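Examining the three-dimensional arrangement
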Amino acid sequence: MSKLLLYTREPIDNVYYDPRLAYSIHIAVSKDAKDYIALNHNSGILFAKATENSDGSLNPKCLKNPRVTLVNSKYVIRAVRTDGEGGPDAESLNKVIVYSTDDFITYDEIGFEDISADFDIPFDSELLKGTNITDIQGIIPQCIIDISDDIYTRLILKFTTAHSIRSYAQETITASCAADLIKEQATVEYSDKTTSSKPVDWDLSPINWEVPGEYSIKGTIKKPHFGFPQLFDRADPCIGKWNNKYYFIATNDADQNHTLYIREADTIEGLMSAEEHLILDSSTYDDIGGLLWAPEFHIINDTLYIFHACTPDPFFEEESHIMMLKEGGNPIKKGDWTKPKRVVRKDGTDICEAGKEITLDMTEFEFNGKHYVIWSQRQFLPKDLGAWLYIAELNPEKPWMLASDPIVLSKPDYGWGNNHTFVEEGPFALKHGGKLFITFSAAAVDTSYVVGLLSINDNEDPLVVSNWTKKGYPILTSRSVEGEFGTGHNAYIIDEDGLIWNTYHARPGTEGPRSSGIRRVHFDIDGEPVLDMTEELDLSENLREVKTVVIVK
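Computed from a predicted model, the values in this text were never measured in an experiment.

Rules used in this analysis
- All residue numbers refer to position in the chain's written sequence, counted from 1.
- Where totals are concerned, whole chains, interfaces and linings use all residues; where local detail is concerned, this predicted model gives features only for residues with pLDDT of at least 70, and gives and counts side-chain atom pairs only at 80 or more.
- Side-chain descriptors were evaluated using all non-hydrogen atoms of the structure, hydrogens and water having been removed beforehand.
- For every residue, the accessible area (1.4 Å probe, protein chains only) is compared with the maximum for its type, and the residue is labelled buried under 20%, exposed over 50%, or partly exposed between those bounds.
- Only DSSP runs of H or I covering at least 4 residues are called helices, and only runs of E covering at least 2 are called strands; the numbering of each starts at the N terminus.
- Here, residues are in contact when the closest pair of their heavy atoms is within 4.5 Å.
- Any N or O atom pair separated by 3.5 Å or less is treated as a polar contact, with the protein-specific requirement of one donor-capable and one acceptor-capable atom, and with residues adjacent in sequence counted only for side-chain atom pairs.
- By the convention used here, strands pair only if DSSP detects at least 2 bridges between them.
- Put simply, buried Ala, Val, Leu, Ile, Met, Phe, Trp, Tyr and Cys residues joined by side-chain atoms within 4.5 Å make one nonpolar core.

**Considerations on helix α2 (residues 149-159)**
- Taken as a whole, α2 has its buried residues at Ile-151, Tyr-152, Leu-155, Ile-156, Leu-157, Lys-158 and Phe-159.
- Packing partners of the buried residues in α2 comprise β1 (2-9), β2 (26-30), β3 (37-38), β7 (74-83) and β10 (139-147).

**Comments concerning the side chain of Glu-484**
- Relative to the elements of secondary structure, Glu-484 occurs in strand β33 (residues 484-494).
- Relative accessible area serves as the criterion here: at 6%, Glu-484 is assigned to the buried category.
- Engagement of the side chain of Glu-484 in a polar contact is seen with the side chain of Tyr-504, the distance being 3.0 Å.
- Leave out the neighbours within four places in its chain, and Glu-484 touches Phe-228, Thr-477, Ser-478, Tyr-504, Ala-506, Arg-507 and Arg-519.

**Section: the sheet that holds strand β24 (residues 341-342)**
- Taken in spatial order, the 4 strands make up an open sheet running β21-β22-β23-β24, and their pairing is antiparallel. This sheet does not close on itself; its edge strands, each paired only once, are β21 (293-300) and β24.

**Let's talk about the environment of Pro-212**
- One can find Pro-212 in the loop between β15 (200-202) and β16 (213-221).
- For the pair Pro-212 and Ala-175, spaced 37 residues apart in sequence, the C-alpha to C-alpha distance is 10.0 Å.
- With sequence-adjacent residues up to four places away left out, Pro-212 is seen in contact with Val-552 and Lys-553.

**A closer look at the nonpolar core**
- The biggest cluster of nonpolar side chains holds 51 residues, and the ones touching the most others in it are Phe-104, Ile-147 and Leu-155.
- For this core, the leading source of residues is α2, giving 5 residues.
- Ignoring sequence-local partners within four residues, the contact set of Phe-104 consists of Leu-4, Ile-27, Ile-45, Val-68, Tyr-75, Ile-77, Ile-147, Ile-151, Leu-155 and Phe-159.

**Digging into unusual backbone geometry**
- Across the junction of Phe-228 and Pro-229, the peptide omega takes the value -5°, indicating a cis bond.
- With respect to the helices and strands, the residue Pro-229 is situated in the loop between β16 and β17 (234-242).
- Following Leu-381, the chain continues into Pro-382 via a peptide bond in cis, with omega recorded as 5°.
- Here Pro-382 lies in the loop between β26 (370-379) and β27 (386-394).
- The phi dihedral of Asp-233 falls on the positive side, at around 60°, and the residue is not glycine.
- As for its placement among the helices and strands, Asp-233 is situated in the loop between β16 and β17.
- Its relative accessible area of 26% is what places Asp-233 among the partly exposed residues.
- Located in the positive-phi region is Asn-368, a residue other than glycine, with phi close to 55°.

**A few points about the environment of Asn-243**
- As for its position among the elements, Asn-243 is in the loop between β17 and β18 (245-252).
- Exposure remark for Asn-243: the relative accessible area of 61% places this residue in the exposed category.
- Remark: the alpha-carbon pair of Asn-243 and Asp-201, spanning 42 residues in sequence, is separated by 25 Å.

In structure tokens form, the structure reads like this:
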């Protein structure tokens, strides 16, 4: 029988691991009751939701002192809910919040119970004598329970970053010319029982295409290299593809967000060293001032657009805009883009009142035959409510106009989303395995910045908020990849081999500038995106060589 340990953590400081992260439920598991493995990069898995006031503002909450019991084949977790800093919560005094789970991956919030007499029994530290839990940074152990080996295995597969363990090609491939082998890919197997198909550079020198027969050949699995950081002072990066070329664009932190530059190349790798071409700056138009933020490429009805945020001048008038590439235009030529046009409601009025609210980070996607946009909107007056995610249908014939009324999709209700500030922003769509995923960024744009996940099944209406599932913990954080802090604001691009790449920004060091990175998107045992698989984990060098037998007819 395996063991599961619930714990919280000691807060470190507001840079590395502060109370809204530390006071959440963490999990470690063990097969032998001695060697415990901290899951999810020693980060929280179960967070308390904020409560909401009548004016829409949120009251952040945390969790302490979790206890777990097995009741009728379900695990029931009880914990003390605190305020956002770990202090007493006036809304739940003398009560515990109750959750249930089958697998310690997904949780149902049941409600509150009065604190029972046995809830305050301190944890028996004797249970951990002879274990290695001191290797788990900041651990405050709370309780231990027996779990099945099946649950143990599933938690390991879900909450530890997978690595490549085997590669192979088809045993035989029938071909009549070299072109038949171009798309023949290798399969890479991973420690989490998933696989990925990857392109191969085949050595065809042993083959005589004029002589039928069997030929043994070798190939090398392609492994593009994208060390971090790729580009300093480039935040909110996005790569698009247009007319068989790749284009890169990002927020330019080097000049305090007053310019937008585009790069063009034949490959994604080539973009990193390509020449920059200015397409918009703060002086191009009289009513388009500073703070050119979060540009994204989107193709709507065979036309290339850039969605981005800008302002006539003041910060409090920052709003979502759209630029169109003129017919036959060249994306790297400034004059081939139309003047940015503000995105408006379906009746032509502004989405929000300038000076009181701002909109930014608008992204577009097609789903079930319709076009939609999701964006971040923040009310500052009469009270700062933080940034919320909104969704609306878009008019594809006039993509600067909504086709439905805006609906609130998500608020920064978890501690990782309201850490240092109440913000959800930077949404981007990714379709895979019968689902639409929306990744988004949350918290402040410092080291607390993280990536969250929303999902909806195909054929469901995205304007019905209850159709969406919001993951209770972030999928990319400052603890995910060593040396990368404040990871967030990502976008996706599919290359010519069908591989999905995540462009994102992070800081190289806690005080480093926001800088662009690129990493392949993996999908875990549940088909959910994995954004922390580094190149070394994705494909070990000793697995790059594969073999096959080509049958020439």
